[in-house]
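# Architecture and fold: a report
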Amino acid sequence: MHALPSLSLWNRWWQTVCAKMPFSDWLLVGTLLALGGSWNVIRADGGSERNCSAIPPYLPSTVVNTTLRLQALREAMSSFNVSAYIIPGTDAHLSEYIAPRDARMAFMTGFTGSAGTAVVTLKKAVLWTDSRYWVQAERQMDCNWELERDVSISSITDWLIREVSDTGNIGFDPFLFSIQTYESYSYYLVPAKLMLKSIPDNLVDRVWTDRPLIPPDNLIRLPDRVVERTWQMKVEHIRTQMTDNPYKPTAVLLSALDETAWLFNLRGNDVPYNPFFYSYTLLTLNEIWLFVHKDRVTEDLKLYLNSTCFLAHCVQLLEYEQVRVMLKNYMTTPGVKVWIGTEYTNYALYELITPEEKLLTSAYSPVLTTKAVKDETEQRILRDAHVRDAVAVIQLLMWLEKVVPEGKETEMTAAYYVNERRSKQKDSRGPSFETISASGPNAALAHYSPSNATSRKLTVDEMYLVDSGGQYLDGTTDITRTVHWGTPTDMQKEAFTRVLMGNIEISRTIFPSGTKGVNMEMLGRRALWEVGLNYGHGTGHGVGNYFGVHEWPVGFQSNNIPFREGMFTSIEPGYYKENDFGIRIEDVVVIVPAHTKYGHKYLTFKTVSLVPYDRKLIDTSLMSPQQVRNTCYSGWIITT
C-alpha cells in the first residue's frame, strides 16, 4: 500500500486546530449520487438546443435522427396489433445502471439520460423525464419526439387516454416493468378501457440491428481471502429462512443481479461500473437452478458450483433465456410456493406465479436483507479498501492545490487524475461510477459529469466539487469533497458549514437497533432549514463489497430497511445554489454498537472514509463545541 502523503502537513493542522480538543469518534459527511442519475447532464449554451418551431427546424449536432427507427418500430407494432408501445429506461432486472445493450430508450430517442420513459404511437413519439434532463433531452432528440416535463405514470396514462382510441392495445415488455409499475398503469388505463398487452419479445430489439453484444468475459469467483461465507453456507442460511417462514415457501426467486452474484460469490463484467452478470436463480429446499449464459462459465467454475450433480448443493446451470420456461414448469408442481422480493422482480416472471396461493411476497428477498449486514471479513476488507481509496483522493486534492493556480487544469483532467491514481491501488477494478468533477456553476447540477463540451477550467475563484468512487476486489467506495483554493464568500462558508453540521448530527446519533434511516434523515437538513436552505436528493445509500455503489436496501429513504449492526451507508447532506456553486461532503460509515450509560442494544455510526475537509470553508462560530470536537478528531479531518 502506498504511504499517505504529507503526514507532516496533517500534523501541523492537528497542532494548530485540534490539539486542544478531546478525542471523539470521527464523524464525516456524505453524498448520494443521483438516485437514478445520469453522468451526462450538461449546461445549456446558446444554440445548443433544438428549435422545432423554426422554419426550417434547428437541430444541434448532438441530436440523433430517429426517423427510420420509428418507422421500423411502428411496423412491428402493427404486426402485434398495438396502438402504443411503452419503452422504459431500465433492464430486465430493474437495475439502476444498465448495460449498453439494454439502453432501448436511448436507442429510440437519442436521449441518453438514465431517467425517463418513451411512448410511441402510430403517429406520435413522446419522452417523459424529470427536470435534471430537460436541457439534455432538447439537445439530443430530433423533432420526431415531443418532450413532456414530468415522470409520473399518471401523466403518461393521461396522454395515452387522450391519444389512443378505446379499442387500442398498449404494448409493453413485461421484463422491463416492475410489479408496481404494471399495477400503476393498469389502475389508470383499465377504467378507460385501454388494455395493456404483454409482449415478452421486445419490439425495440427487433429493429435494433446493431444492438451491442453481451461482453465475452468469463465469470470469476472471488478469491478465498475476501470470502468468509462460502456459497454453500449462504444457500443454507437462505434455506433456513425459508423453513422458518410461517408461510412455508418452497422456493426463492432471485431477480436482481447482485442477489445471484452475492449468493455464489461470483462477479462479472456485463454492466458498466458494476461487477454483475446477467442471471436469475431459483433456489428450492433441495435444488438450485442458475440461469446464466453458460458459455461464459469455465470448467473451473462448473467444478466450483458442483454443476455436474443434482443434490441439494449442486448448482444446475440453465441458459439465461430459459427462466420463464423453467418457472412456468415449476409452478405446475403441486404444493409449491415461490417467495419473491417485489422491488426487483419483473412482471414477466411475476405473471407466471399463479394462482395466488403459490406466491409469497416481501419488499426485498431474503438474500437482499441478509446481504445488507456485512460479516466480519466483509467489514474488515471494506475498511481496507477505503484506506487505499483515501490515498488516491488525497493525492488528487494535493495535486490540485498545487496546479490550479497555474490555470491549466480542467474538470476533465481532474477526473482523469483521480481515476488514474485509483488504478495504482491494490486490487483496483476501475471506477464505481463516472466521476463527478464540477467547478463553479457546474457543481450546482447535482448529477453533472464533465464532457468535452462542458468542462470548465479550474480556478482559485470558484468552489470545486469532486464525487468519485472505486471498485476494488474487496470493496466499493464512494466519497465527495468540496474545496476552494481562493477566498470563499461568507455565504459559501456558511452553506458548507451547515452541510457539515447536518452530517455530524446524523453521525453522532445514538439510536435503538431496528431504527429506520428515514426517522433520522431530517437531522441532516436541520442546520440548513434553520436559514431557509435545503437539498433535493436523498441522504444516504448502502455500499457493498465489490458491488454496486448504491446497494439497496440500506439507506435513509422510506423504503429502506431498519439499521442493524454491520451495515454500511453513506451520509449525504448538500446544498446547491443555481448558476453559482454546489456543496456535498460524502463519507461512508459502518453501524456499530453504542456504549450508553444504561446499556441496552443501541447503535451509532463509525466513519470509514479518511479524506480531510477543507478548513477554510468551515466557520466554527456556527458550530456547537461538540460538533467542533467531532470534526477535529485528528489532523486528517480538516485541511488548510
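Everything numeric here is computed off the predicted structure, so don't read it as measured data.

Before going further, it helps to spend a moment on helix α15 (residues 411-423). Helix length check: α15, at 13 residues, gives a terminal C-alpha distance of 19 Å against a target of 18 Å (1.5 Å per residue), a fit within 8%. Among the residues of α15, E411, A414, A415, Y417, V418 and R422 are the ones counted as buried. Along the axis of α15, the buried positions cluster into a sector of 160°, meaning they face one direction only. In this structure, the buried side of α15 is in contact with α14 (376-403), β15 (428-431), β16 (436-439), β17 (463-468), β18 (470-472) and β20 (479-484).

All right, on to the sheet that holds strand β1 (residues 84-88) then. Two orientations exist for strands paired in a sheet by backbone hydrogen bonds: parallel and antiparallel. Spatial ordering of the open sheet is given by β4-β3-β2-β1-β5-β6, a layout of six strands whose pairing is mixed. Only two strands of the sheet have a single partner each, and these edge strands are β4 (146-149) and β6 (195-198). Direction aside, neighbouring strands of the sheet carry axes that sit 25° apart on average. Pairing of strand β2 (residues 117-121) with strand β3 (residues 125-129), which is carried by four bridges, proceeds in the antiparallel orientation. In the sheet register, V119 faces β3, and the bridge partner there is V126.

The tendency in soluble globular proteins is for nonpolar side chains to be buried side by side. Judged by nonpolar contacts, the single largest core of 33 residues is most densely connected at W231, F264, L305 and V315. Put simply, the parts of the chain that give this core at least two residues each are α8 (231-244), β8 (251-254), α9 (257-264), β11 (288-292), α10 (299-304) and β12 (315-319). In terms of residue count, the dominant contributor to this core is α9 (five residues). With sequence-adjacent residues up to four places away left out, F264 is seen in contact with W231, T281, I288, L290, Y304, L305 and V315.

Along β17, six of the six residues are buried, which leaves the element largely enclosed by surrounding structure. With burial as the criterion, each face of β17 is covered, one bearing M463, L465 and D467 and the other bearing Y464, V466 and S468. Note: β16 against β17, four bridges, orientation antiparallel. Across the sheet, the residue bridging to S437 is V466, located in β17. Alignment of β17 against β20, held across six bridges, turns out to be antiparallel. Bridge pairing in β20 places V466 opposite R481.

This paragraph deals with the state of the cysteines. Taken as a whole and assessed by the stated rule, the structure comprises two disulfides. With its sulfur 2.0 Å from that of its partner, C52 forms a disulfide with C143. In this structure the cystine formed by C52 and C143 twists about its S-S bond by roughly -95°; its chirality is therefore left-handed. Of this pair, C52 sits in the loop between α1 (7-18) and α2 (67-79) while C143 sits in the loop between α4 (134-140) and β4; the two residues are 91 residues apart in sequence, bridging distant segments of the chain. Given a relative accessible area of 35%, C52 falls into the partly exposed group. On the accessibility criterion, C143 (32% relative accessible area) is partly exposed. There is a disulfide in this structure between C309 and C314, and the S-S distance comes to 1.7 Å. On the S-S bond that ties C309 to C314, the torsion sits near -95°, and the link is left-handed. On the accessibility criterion, C309 (25% relative accessible area) is partly exposed.

Time to look at the pairing of β4. Along a regular strand, successive side chains alternate from one face of the sheet to the other. Across four bridges, the pairing between β3 and β4 is parallel. Within β4, the residue paired with T129 across the bridge is R149. Chirality of the crossover, the property in question, places the unit of β3, α4 and β4 among those that are right-handed.

With that settled, the discussion passes to the UniProt feature "domain: Peptidase M24 C-terminal" (unreviewed entry) in the chain. Under the local residue numbering, the UniProt record ascribes the feature "domain: Peptidase M24 C-terminal" (unreviewed entry) to residues 601-628. Annotated as residues 601-628, this span is 14% helix and 29% strand, and its ends, taken at the C-alpha atoms, are 27 Å apart.

Once that is clear, we can look at unusual backbone geometry. Of note, the amide linkage connecting I55 to P56 takes the cis form, showing an omega dihedral of -5°. Examined against the element boundaries, P56 turns out to sit in the loop between α1 and α2. Omega for the peptide link from T354 to P355 comes to -5°, which places this bond in the cis form.

Reading guide: rules and limits
Residues numbered from 1 in each chain as written. Predicted model: local features only at pLDDT ≥ 70, side-chain atom pairs only at ≥ 80, totals over all residues. Heavy atoms only, no water. Helix = DSSP H or I, 4+ residues; strand = E, 2+ residues; numbered from the N terminus. Expected span 1.5 Å × (residues − 1). Buried < 20%, exposed > 50% of the residue type's maximum accessible area, 1.4 Å probe, protein only. Arc of directions from axis to C-beta. Contact = heavy atoms within 4.5 Å. Pairing = 2+ DSSP bridges. Axes fitted to C-alpha atoms, helices over the stretch in contact; angles between N-to-C directions. Core = buried A, V, L, I, M, F, W, Y, C linked by side-chain atoms within 4.5 Å. Disulfide = S-S within 2.5 Å. Right-handed = clockwise from strand over helix to strand, strands pointing away. UniProt positions renumbered as here; feature names shortened; annotations may be inferred.

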